[in-house]
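Next come the chains, spelled out residue by residue.
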Amino acid sequence: EKSVWLAGYGSKRPPDGKLHELWMKALALEDQAGHRVVLVTSDFQGVPKSMSDRVFAALKAQHQLERSQVMITFSHNHCGPRLGDDLIDYYPVDREQEALVEEYTTQMVDRMVAMIAESIKALAPAKLATGTGKATFAVNRRNNREAEVPELLAKGEPLKGPVDHNVPVLTVTREDGKLAAILFGYACHPTTLSFMTWCGDYPGFAQVELEQRHPGAMAMFVNTCGGDQNPLPRRSVELCQKYGHLLAVGVEETLQKPLQPVSAGLKTSFELIDLPYLQVVSRDDLHAVLQDGNGIRARWAARLLQKLDGGEKFAPAYPYPLHAWRLGKETLFIGMGAETVVDYALRFKSEFGPTTWVCGYADDMIAYIPSRRVWEEGGYEGGANLFEYGRPAYRWEIG
């Protein structure tokens with residue numbers, strides 16, 4: 001409705017129109033014993049802690065929902081709006097824009113709380129079932145040069161690096177047999193597009209197609225663990241539509257097969273884990289980069305120096321959110337904050353079974369969360385880039 005800049009890519013990106021709508025969606029589940037959870041999916045680039053904490057507090061006060069019962073996910077779509085202080089140092093300083101972002105963020109907090117209340121009010125008997133499909137367009141961007149990928153694919157040469165091409169699917173069917181919701185996931189950055197137009201990138205196109213195929217059903221997407229995965233090649237609407245279609249086909253083929261019923265029962269667990277920084281920056285460190293040619297780093301240093309001048313002390317660790325939901329005996333949902341790399345999904349599914357969903361991009365857009373392998377290799381996802389996310393350090397510590 002207003003010209004909030006598009007999020008990501010570290011530049012001023014005022015919107016020039018839209019390809020399709022952007023959505024928040026909520027799925028509320030309750031078992032026979034009254035245990036309840038709510039999963040939120042969205043076409044946002046990132047929901048910062050300063051925003052999600054407001055939602056959690058309102059849900060606790062108004063609906064008695066504990067943190068363990070609510071998981072807020074975001075697709076990490078780069079053609080969606082800025083929110084709160086997410087990636088705050090990415091963008092050129094513009095007071096009018098900051099005020100607009102805060103106004104929009106407050107509106108989204110209120111609408112998310114209201115939407116969750118509506119989902120709870122709409123609880124009705126239903127059956128859940130799960131299955132797994134496949135889509136193969138995600139490429140490990142750490143191990144394959146983007147410019148070389150089209151030629152490698154044309155030659156039929158195998159690409160390098162770990163990937164997770166599984167498409168987990170969960171369906172909600174009402175007592176009358178009508179499909180009410182299709183929840184599905186994939187491990188890949190929604191960065192096919194980098195232009196100035198609102199849309200949900202490939203997950204948005206996939207959701208639109210599935211809802212057209214199944215009138216009355218709500219399609220919901222979660223980014224499983226795509227922190228080091230890109231859709232390649234990219235940078236055209238045609239490719240974005242193609243990837244959305246391929247993902248929708250992966251879901252549709254799964255729906256045509258016998259799905260595994262999910263038995264009764266719901267258990268939840270949640271913990272905030274201290275994720276230590278390798279070294280918190282000092283005042284001298286920040287002064288040294290004030291005149292940095294890197295605009296993001298210079299804005300970061302200036303903002304943190306202002307905090308120090310105000311008497312703030314930087315914590316040595318960050319509170320990392322981690323969810324575990326057990327649906328029946330068959331399905332485990334693991335929700336992890338921020339940009340988790342694909343190693344987490346592969347390991348947890350190996351340890352806990354193939355019906356495990358590992359959802360990254362949950363609750364808080366903190367930074368990249370590298371595995372030990374990625375941290376040791378370094379590079380963008382595992383190196384000294386925490387400043388891009390506003391953290392008071394360059395790198396995580398590995399124990």
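A. Main features of the overall build of the protein chain. Tallying secondary structure elements over the protein chain gives ten helices and 16 strands in all. For a compact globule of 399 residues, the expected C-alpha radius of gyration is about 21 Å, and the protein chain comes in at 21 Å, within 12% of that figure. In terms of its C-alpha atoms, the protein chain occupies a principal-axis envelope of roughly 65 × 60 × 45 Å. Within the span of the protein chain, comprising 399 residues, buried residues form 55% of the whole.

B. Up close: the side chain of Arg-82. Mapped onto the elements, Arg-82 comes out in the loop between strand S3 (70-72) and helix H2 (95-121). Overall, the relative accessible area of 1% leaves Arg-82 in the buried class. Of note is the side chain of Arg-82, whose polar atom sits 3.1 Å from the side chain of Glu-98.

C. Structural context of the packing of helix H4 (residues 201-213) against helix H5 (residues 237-255). Taken N-terminus to C-terminus, the directions of H4 and H5 make an angle of 50°; their axes are 7 Å apart at the nearest point. With respect to their mutual orientation, H4 and H5 come out oblique. Judged by the sense of rotation from one axis to the other, the crossing of H4 with H5 is right-handed. Touching Asp-201, Tyr-202, Phe-205, Ala-206, Glu-209, Leu-210 and Arg-213 of H4 are Cys-240, Gln-241, Tyr-243, Gly-244, His-245, Leu-247, Ala-248, Val-251 and Glu-252, all from H5. Its residues placed into classes, the contact of H4 with H5 shows nine nonpolar, three polar and four charged.

D. Molecular detail of helix H7 (residues 295-309). Over its 15 residues, H7 extends 21 Å from the first C-alpha to the last, a length consistent with the 21 Å expected when each residue adds 1.5 Å. Turning to H7, the residues buried within the fold contact helix H6 (283-288). Capping the start of H7 is the job of one residue whose side-chain oxygen sits 3.0 Å from the backbone nitrogen of Ile-296: Asn-294. Just beyond H7, the residue with positive phi is Gly-311, at close to 95°.

E. Looking closely at H4. Over its 13 residues, H4 runs 19 Å from end to end, which matches the ideal 18 Å to within 8%, given 1.5 Å per residue. By the burial criterion, the buried members of H4 are Asp-201, Tyr-202, Pro-203, Gly-204, Phe-205, Ala-206, Gln-207, Glu-209 and Leu-210. Residues of H4 that are buried make contact with strand S1 (24-30), strand S7 (179-186), strand S8 (218-223) and H5.

F. Structural detail: the sheet that holds S7. Spatially, five strands are ordered S8-S7-S6-S4-S10 in an open sheet, and the strand pairing comes out mixed. Edge positions in the sheet fall to S8 and strand S10 (260-261), since each has one partner strand and no second. In terms of strand pairing, strand S6 (residues 166-174) meets S7 through five bridges, oriented antiparallel. Residue pairing in the sheet places Thr-173 in a bridge with Leu-179 of S7.

G. Local environment of the packing of aromatic side chains. Going through the model one piece at a time under the given rule, you end up with 18 aromatic pairs. Each ring, one from Phe-137 and one from Tyr-243, has its centre 4.8 Å from the other, and the planes form 15°; the classification is stacked. With Phe-137 in the loop between strand S4 (126-134) and strand S5 (138-140) and Tyr-243 in helix H5, the pair connects residues that are 106 residues apart, well separated along the chain. The pair formed by Phe-137 and Tyr-243 is uniform in burial state, with each residue classed as buried. Judged by centre distance (5.3 Å) and plane angle (70°), the ring pair of Tyr-368 and Tyr-380 falls under edge-to-face. Taken together, the residues Tyr-368 in strand S16 (residues 368-369) and Tyr-380 in helix H10 (residues 379-382) connect sequence positions twelve residues apart.

H. Looking closely at the pattern of salt bridges. Taken as a whole and assessed by the stated rule, the structure comprises 25 salt bridges. The shortest N-O distance in the salt bridge between Lys-49 and Asp-53 comes to 2.7 Å. Here Lys-49 pairs with Asp-53, and both are found in helix H1 (residues 49-63), just four residues apart, close to one helical turn. Classification of Lys-49 by relative accessible area gives partly exposed; the value is 31%.

I. Fine view of the sheet that holds strand S12 (residues 317-327). The mixed open sheet is built from four strands, whose spatial order is S11-S12-S13-S15. With one partner strand each, in any of the chains shown, strand S11 (266-276) and strand S15 (356-359) form the two edges of the open sheet. Strand-to-strand twist in this sheet, taken as the mean axis angle between neighbours without regard to direction, amounts to 15°. Strand direction decides the pairing type here: S11 and S12, joined by eleven bridges, are antiparallel. Its bridge partner lying in S12, Leu-275 is registered against Tyr-318. Here helix H8 (residues 342-352) sits on the sheet in contact with strand S13 (331-336) and S15, set at roughly 155° to S15.

J. Broad picture of the nonpolar core. Judged by nonpolar contacts, the single largest core of 64 residues is most densely connected at Phe-44, Met-112, Ile-116 and Leu-286. Per-element accounting of this core gives the leading share, seven residues, to H2. If we skip the residues at most four places from it in the chain, Phe-44 touches Met-24, Met-51, Phe-74, Ser-75, His-76, Asn-77, Pro-81, Leu-83, Tyr-104, Met-108 and Met-112. With 27 residues, the next largest nonpolar core counts Phe-137, Ala-138, Val-167 and Ala-219 among its residues.

What counts, and where the lines are drawn
Residues numbered from 1 in each chain as written. Predicted model: local features only at pLDDT ≥ 70, side-chain atom pairs only at ≥ 80, totals over all residues. Heavy atoms only, no water. Helix = DSSP H or I, 4+ residues; strand = E, 2+ residues; numbered from the N terminus. Rg over C-alpha atoms; globule rule 2.2 N^0.38 Å. Buried < 20%, exposed > 50% of the residue type's maximum accessible area, 1.4 Å probe, protein only. Polar contact = N/O pair within 3.5 Å; in protein donor to acceptor, adjacent residues only side chain to side chain. Axes fitted to C-alpha atoms, helices over the stretch in contact; angles between N-to-C directions. Parallel < 35°, antiparallel > 145°, perpendicular 65-115°, else oblique. Left-handed = near helix turned anticlockwise from the far one by under 90°. Contact = heavy atoms within 4.5 Å. Nonpolar A, V, L, I, M, F, W, Y, C, P; charged D, E, K, R; others polar. Expected span 1.5 Å × (residues − 1). Pairing = 2+ DSSP bridges. Phe/Tyr/Trp six-rings, centres within 6.5 Å; stacked < 30°, edge-to-face > 60°. Salt bridge = Lys/Arg side-chain N within 4 Å of Asp/Glu carboxyl O. Core = buried A, V, L, I, M, F, W, Y, C linked by side-chain atoms within 4.5 Å.

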